[in-house]
Amino acid sequence: MTLRRAQRRRSGKLGALATPGSSALPASLFTFDNSYARELPGFYVAWQPAAVPAPRLLRLNAALAEELGLDAQALAAPDGVQVLAGNRVPEGASPLAQAYAGHQFGGFSPQLGDGRALLLGEVMDRHGRRRDIALKGSGRTPFSRGGDGKAAVGPVLREYLIGEAMQALGIPTTRALAAVATGEAVQRERALPGAVLTRVAASHVRVGTFQFFAARGQHDDVRRLADYVIARHDPDLAAAPDRYLGLLRRVAQRQAALIAQWMNVGFIHGVMNTDNMTISGETIDYGPCAYMESYDPEAVFSSIDHGGRYAYRNQPLIARWNLARLAETLLPLLAVDGVTPDDAVAQVTEVIDAFPAWYDAHWRAGQRAKLGLQTAQPEDAALADDWLALLHAQQVDFTLAWRHLADAADAGERRAEPLRDLFVDRAAADAWLQRWRARSDAEGADTSARAAAMRAVNPIVIPRNHLVEEALAAAADHDDLAPFERLLDAVTQPFTERAGFERYAEPAPRELTAGYRTFCGT
Ligand code: AMP
Ligand code: MG
């Protein structure tokens, strides 16, 4: 189905649900410059957010507003909240639902698209970077299929919280500008309070965006999209004769760096479908994600991930698989000017085959930093592998093990007790610690500098699942945002030990983690 036909066929039915934006707001709210709407007609359906009955601001990200050059006070004022709820379309916006396809759990869906999101427009932030401003949960679109186009308070606050935690951990991510309650019930397994999230992204272009056009044989559109993302994300490639291969390489390199960061904080995305993998290299879609507690490479939390496709340890493999799907979309662009189809395949294969080494380099470098090592030695990989094997064998909390290793580096007191206490078999831990000390002492004697460097990369606080659930339940079931605010405070200073925040560093009771399941945040 073409986009135009999709719009014609569905808009009649949906027209009643979609309330066009009414009165214009002060132009100062956003200074939009909408390149996607302008440069890529045919890649989206222009659409309007649905009206909601009683918008109420749950949280505004004032720091992000400032970074985007926006007036936080104006956004938090009643007129601003109307915009963040989708009741009014701000001046300069060109709201649209993007078309995309995607492999979901390995099976290809030729048409997904923004079924409950709208890109309002783009702004240039204070650093001169172009950022998308999008609503999520803003009602049905021509891409909604059976869905209601809505979002619930719990999942919206989860996305807000995890995104900010990732940002604070230094991991590329889309971010929440605001969460607004709609005053409307959303029907899931039970009725839930509805909400709209305002999402900020370097762009919302995904591997699945390329797949949408490639699957229809619209190779000129794949080229237009590739040229667009090169101009937006990799402008230095724009004039290069091999720019499409260069784009694939850049996307792969960004994903290699990203996934390595996930792995080194124990993050499990949970739904690494190709429509949830960005071209920009930002993490997107915090639906069924979770942080690992005790170390287990097989860990999987998502209730719908029956085969463990998106288990912790599969993430780099899946990233590579997804990149191969991106590569396929680019083949017709590469097989031109005397390049045979076989040559094109060989070119992309070289990139895809290089991915594991790129990933490994990032992952190992991250591990070395976490181990407090400044130089790279051949034996470091075994040292790290044996450490992880030890954590696995003794079911040790991943985050605390690394953090207490930093404490153990402090030779002033040789504070190894908190670390040793995490292990049942202390002799095994001691044997490994001895090797690690020998290796790190060889790098120099400044142990307090080493400990400080380790504390700067080994967080004390991650968004622990039981605390996230507790905060979301308080907000959604009791309209009590205090636990959310407190947890947000905790996870946005993840490397600092703070008095009063002790419980945010503690693992969940083991029984709780064993049965923990996440659900797609719809
Ligand atoms: P996600 O699992 O959130 O990445 O979504 C996968 C696809 O399902 C995307 O096309 C979404 O727009 C669509 N989708 C998810 N939830 C809903 C919903 N409640 N209403 C309409 N579409 C949805
Ligand atoms: Mg998605």
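What counts as what
- Residues numbered from 1 in each chain as written.
- Chains lettered and ligands numbered in written order.
- Predicted model: local features only at pLDDT ≥ 70, side-chain atom pairs only at ≥ 80, totals over all residues.
- Heavy atoms only, no water.
- Near = heavy atom within 4 Å.
- Polar contact = N/O pair within 3.5 Å; in protein donor to acceptor, adjacent residues only side chain to side chain.
- Areas by Shrake-Rupley, 256 points an atom, 1.4 Å probe, with all protein chains shown as cover.
- Core = buried A, V, L, I, M, F, W, Y, C linked by side-chain atoms within 4.5 Å.
- Buried < 20%, exposed > 50% of the residue type's maximum accessible area, 1.4 Å probe, protein only.
- Helix = DSSP H or I, 4+ residues; strand = E, 2+ residues; numbered from the N terminus.
- Pairing = 2+ DSSP bridges.
- Salt bridge = Lys/Arg side-chain N within 4 Å of Asp/Glu carboxyl O.
- Domains from an automatic or database assignment.
- Contact = heavy atoms within 4.5 Å.
- Buried area = accessible area lost by both parts, 1.4 Å probe.
- Donors = N, O, S within 2.8 Å, 3.2 Å for Na, K, Ca; no water.
- Phe/Tyr/Trp six-rings, centres within 6.5 Å; stacked < 30°, edge-to-face > 60°.

1. Here we look at the site of ligand 1
Item 1. Lining the immediate environment of ligand 1, one finds 18 residues, of which G113, G115, R145, G149 and D285 sit closest.
Item 2. Within the contact set of ligand 1, an oxygen atom lies 2.7 Å away from a backbone nitrogen or oxygen of G115.
Item 3. Taking D148, its side chain carries an N or O atom lying 3.0 Å from a nitrogen atom of ligand 1.
Item 4. Computed on the free molecule, ligand 1 has an accessible area of 480 Å², of which 86% lies beneath the protein chains in the complex.

2. So, the nonpolar core
The nonpolar side chains of soluble globular proteins are, as a tendency, buried together.
Item 1. Core analysis: the biggest nonpolar cluster contains 134 residues, and Y36, F210, W387, L405 and W436 have the highest contact counts within it.
Item 2. The dominant element in this core, judged by the number of residues it contributes, is helix α9 (residues 243–265), at 13 residues.
Item 3. One finds L68, L75, V81 and A178 within the second-largest nonpolar core, a separate group that totals 25 residues.

3. Topic: the pairing of strand β6 (residues 117–124)
Item 1. The buried fraction of β6 amounts to 7 of the 8 residues, a majority that puts the element mostly inside the structure.
Item 2. One ladder, built from 7 bridges, connects β6 with strand β7 (residues 130–136); its direction is antiparallel. When the sheet's bridge partners are listed, L119 is paired in β7 with A134.
Item 3. Counted along the chain from β6 to the antiparallel partner β7, the turn is 5 residues long, and its residue G128 has a positive phi close to 80°.

4. A short note on the pattern of salt bridges
Item 1. Enumeration over the complete set of coordinates arrives at 51 salt bridges.
Item 2. In this structure, R59 and E485 form a salt bridge, with 2.9 Å as the shortest nitrogen-oxygen distance. Linking R59 in strand β2 (residues 56–60) with E485 in helix α18 (residues 482–491), this pair joins segments that are 426 residues apart in sequence.
Item 3. Residue R325 pairs with E328 through a salt bridge whose shortest N-O separation is 2.6 Å. Within this pair, R325 and its partner E328 are both found in helix α10 (residues 315–334), separated by 3 residues, close to a single helical turn.

5. A closer look at the domain arrangement of the protein
Item 1. Split by domain assignment, the protein resolves into domain 1 (3–204), domain 2 (218–289 + 300–358) and domain 3 (372–522).
Item 2. Listed per partner, the contact involves 13 residues of domain 2 and 9 residues of domain 3.
Item 3. Around 860 Å² of area is buried between domain 2 and domain 3 when both sides are counted, 61% of it from carbon and sulfur atoms.
Item 4. Broken down residue by residue, the surface that domain 2 buries against domain 3 is led by V265, F301 and S303, which jointly contribute 53%.
Item 5. Here domain 2 is connected to domain 3 by 0 salt bridges.

6. Some words on the coordination of the magnesium ion (ligand 2)
Ideal donor angles around a metal are set by the shape: a four-donor tetrahedron calls for 109.5 degrees, a six-donor octahedron for 90 or 180 degrees.
Item 1. Those donors, N276 (OD1) and D285 (OD), are the protein atoms that reach the magnesium ion (ligand 2), and they lie 1.9 to 2.1 Å from it. This pair shows no difference in class: N276 is buried, exactly as D285 is.

7. Regarding helix α5 (residues 78–85)
Item 1. Three or more residues of α5 are buried, namely G80, V81, V83, L84 and A85.
Item 2. If you follow the buried residues of α5, they end up packed against β2, α4 (72–76), β7, β9 (175–187) and β10 (191–201).
Item 3. Looking one or two places after α5, you find G86, whose phi comes out positive at around 90°.

8. Looking at the packing of aromatic side chains
Item 1. Counted under the stated rule, the structure contains 19 aromatic pairs.
Item 2. Relative to F32, the ring of F30 lies with its centre 4.9 Å away and its plane at 20°, an arrangement referred to as stacked.
Item 3. Between W432 and W436, the ring centres sit 6.2 Å apart and the planes meet at 10°, which makes this aromatic pair stacked. Taken together, the residues W432 and W436, both in helix α15 (residues 426–441) and 4 residues apart, mark about one turn of the helix.
Item 4. The exposure class assigned to W436 is buried, which follows from its relative accessible area of 1%.
Item 5. Taken together, the ring pairs in this structure connect Y295, Y312, W387, F398, W402, F423, W432 and W436 into an aromatic cluster.

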